[in-house]
Each structure stands twice: as structure tokens, then as C-alpha cells.
Amino acid sequence: MKILSFGVPCYNSEAYMKKCIDSLLVGGNDIEIIIVDDGSKDGTAAIADEYAAAYPDMVKAVHQENGGHGEAVNTGLKNASGLYYKVVDSDDWLDEESLKKVIEVLKGFVQNKKRVDLMICNYVYEHVEDQTSKAIRYTKVLPEGEVFGWNKVGRFRVDQNLLMHSLIYRTRVLKDAGLELPKHTFYVDNLFAYVPLPYVRSLYYMNVDLYRYYIGRSDQSVNESVMIGRIDQQIRVNKMMFDAYSLPDDVFNKRLARYMMSYLAMICLVTSIMLTISGTEEHKQKRKELWRYFKENDPGMYFRLRIGLRGIVSNPPGVISSSIMRKGYHLAQKIYKFN
């Protein structure tokens, strides 16, 4: 059995996918790389086949009709034979030395018969425009070098959420959770980082800067103008997260429920901000409809979301507050450099 399977969603990725795949190959025979060509129109499929032919014991090339990022993640998971599963987007890459360390620790879990449902590592924003980087680490919120449960998890800062980039799930956890991401929808990485969490009982944090998250392409899904253009997909994901659990009742651990509520509130805030800064009447009405949907479908959870600071900021009263909301978002953008 492979220790770690990588799902690599690719769509028209010929310009950068080799850097991504090459960074994974250092894992050697302990890993497998599942390159999912999601109906690309360029040379992506040919590159995927070249790697599969050159590394038949390590690389699988899977070709499918275009189904979007979520469907490519689904396909990678369905083809994964490794004990653990990680998604690496084709324009990102992993730090090679950190990957070697991660694999040794994962192998140690197997050898010592330790069940670890989720490994967490740091990730780094790599900004192409100004050639700077910013690492997101969990050193003050998660214990290091030990297997732990949710009761040992502290409070996350606003920039410390557990994103897809930081997560390595035990493959069985994802399958037990019935994770199935929607087709033709961006921003599904939030579902990947949220829905399986109640199935996680044991965690391990490695303080290594593993994932390198590329920021700077004009067509990137996290680009502000692109997000506004795809706002209906953001709304869809937001509603799916809201519908996944009734918090805190559906979650076995209070600290986990608290974190999930905080993460959900952050996504609600992002959706509301994008609908606000676009400045259109249509988007203003969509923001009202979104919060009305929350209230009608789970009044208790709506109330808990609404009374928190992020819920209050998500629903500013009047034009002046909306202007402050926009300025606050752009200030946070400069500070945290998340897109």
C-alpha cells in the first residue's frame, strides 16, 4: 500500500503543472500521484500521460470530461490507494524537504500502529507580484510532535483556519464522511476542509512549511474580481456548508463545534463582503436572500452566526457601514495578503 496519495486537479495546466508534479516525485515509491486532466484543451493531457509512462509505479493519469475542480478532487479520491490523501492544485507545489519529513512521520504511524485521522502542516502564500511569501503556521494553537484530540486544540486566529492546503486526511475518513464535492463549482476546497472534520478523532501537527500556494494569476479563483463574477458558486458552497451540520448539536466535541462555527462565520463574511463590494442592487438582494435562507433553515444556528462579530460585519446597516466594510476588507487584504 502507498502511504500517501496526491490528487492533482489539472485544467489547461500545461504552463505550470510540471513544477507541481516534480515537487511530489521526491516522495518516491511511498507515494502515488493521480493527475486528473479535467477536460483540458491544451497540452495537459499529453503531459499527464508522459509522467504516467515515465513513472508507472508512482503516477496515474486520469482523463475526464470537464467537471470542475470539485469533480477532479472526487476523481482523485476515487482512484486513491494510499493510506492518506492530499490535494495539490496544479499551479501550486510542495517543499521537497518538508515532504520527505512528512512521509517519514506518516510511515512511523503505520509502523507503530498509530491511527491518525488528520495531519496538519503549515502552508505558504507565494506572491508573484512582489516576490514575497507569508507562512501560515499553527504553533500557538496546536500541540507539536504528538497525537492529540480536539480537546487540546486552542483558539485559531482569523488567518489560521484549517484550509485544504494544510490538510492531509486519512483516506478512510474522507470516504466515511461521504465527501462528494459538487461539479462545475469553485470554492469547494472549503467543503473539503469542513465537512469531514466531525469524522476526525485524532490529529497530528507538523511544524513544517509544506504547501506553497501560488498567488498572482489574474484568472485565479481567489482574485477579487473573479470571485465577484462567480459569486453564485460561492453562495452555493456557503449554503452547502451551512446545511452540512446543525452546530453545535451535530458535533461530538465542543471545541470542534466552536471552530467549525467560527470557520462557517468566516465564509459567510467573505460571501457577504463580495456581494457588498460589487455595489450592485442585484448582489445586495442576494446577500439579504442568503441570510434569509440561513434564518429559515436553521434559526438557532442563524442566531449564533448573526450575533458574533463576523455576523454583525456581514450585515452592516446602511450605506456608510457598507463603505466601512469595503475598506476593512481591503485593509485585511493588505495585511494578510490572502489574494
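In this text, all values refer to a predicted model and were calculated from it rather than measured experimentally. (Residues numbered from 1 in each chain as written. Predicted model: local features only at pLDDT ≥ 70, side-chain atom pairs only at ≥ 80, totals over all residues. Heavy atoms only, no water.)

Student: Summarise unusual backbone geometry; cite the residues concerned and give the values.
Tutor: For the bond from L247 to P248, the omega torsion is 5 degrees, close enough to zero to count as cis. Locating P248 in the fold gives a position in the loop between α8 (231-244) and α9 (254-277). Positioned with a positive phi, K113 is a non-glycine residue whose angle comes to about 55 degrees. Tracing the backbone shows K113 in the loop between α4 (96-111) and β6 (118-127). Classification of K113 as exposed rests on a relative accessible area of 79%. (Helix = DSSP H or I, 4+ residues; strand = E, 2+ residues; numbered from the N terminus. Buried < 20%, exposed > 50% of the residue type's maximum accessible area, 1.4 Å probe, protein only.)

Student: Account for the pairing of strand β4 (residues 84-87), naming residues and giving values.
Tutor: Side chains of β4 alternate between two faces, with Y84 and K86 and Y85 and V87 buried alike. Inspection of the sheet shows strand β1 (residues 4-10) paired to β4 by four bridges, in the parallel sense. In the sheet register, F6 faces β4, and the bridge partner there is K86. Here β4 pairs with strand β9 (residues 167-170) via two bridges, running antiparallel. Within β9, the residue paired with Y85 across the bridge is Y169. (Pairing = 2+ DSSP bridges.)

Student: So what's going on with the side chain of N122? Residues and values would help.
Tutor: Among the structural elements, N122 can be located in strand β6. Here N122 is in contact with I136, R137, Y138, Y205, M206, N207, V208, D209, L210 and Y211, once residues within four sequence places are set aside. (Contact = heavy atoms within 4.5 Å.)

Student: I'd love a proper account of the pairing of strand β7 (residues 132-136), names of residues and values included.
Tutor: Sheet analysis places β6 next to β7, joined by five bridges and oriented antiparallel. Within β7, the residue paired with H127 across the bridge is T132. Remark: four residues form the turn of the hairpin made by β6 and β7, two consecutive strands paired antiparallel; Q131 in that turn has positive phi of roughly 55 degrees.

Student: A description of the packing of aromatic side chains should follow, citing residues and the corresponding values.
Tutor: Taken as a whole and assessed by the stated rule, the structure comprises 16 aromatic pairs. Look at F109 and Y204: their rings are 5.1 Å apart centre to centre, the planes differ by 70 degrees, and that puts the pair in the edge-to-face class. Of this pair, F109 sits in helix α4 while Y204 sits in strand β10 (residues 203-215), placing them 95 residues apart in sequence. Just as F109 is buried, Y204 falls in that class too. An angle of 70 degrees between the planes, with centres 6.2 Å apart, marks the rings of W291 and Y302 as edge-to-face. Taken together, the residues W291 in helix α10 (residues 281-297) and Y302 in helix α11 (residues 299-307) connect sequence positions eleven residues apart. Pair check on accessibility: W291 and Y302 agree, each one buried. Members of the aromatic cluster, connected to one another through ring pairs, are Y138, F156, Y194, Y205, Y245, Y259 and Y263. The ring of W93 has K19 sitting right over it, with the charged end atom 3.7 Å from the ring centre. Against the face of F186 rests R230, its NZ or CZ located 3.6 Å from the ring centre. (Phe/Tyr/Trp six-rings, centres within 6.5 Å; stacked < 30°, edge-to-face > 60°. Lys NZ or Arg CZ within 6 Å of the ring centre and 35° of its normal.)

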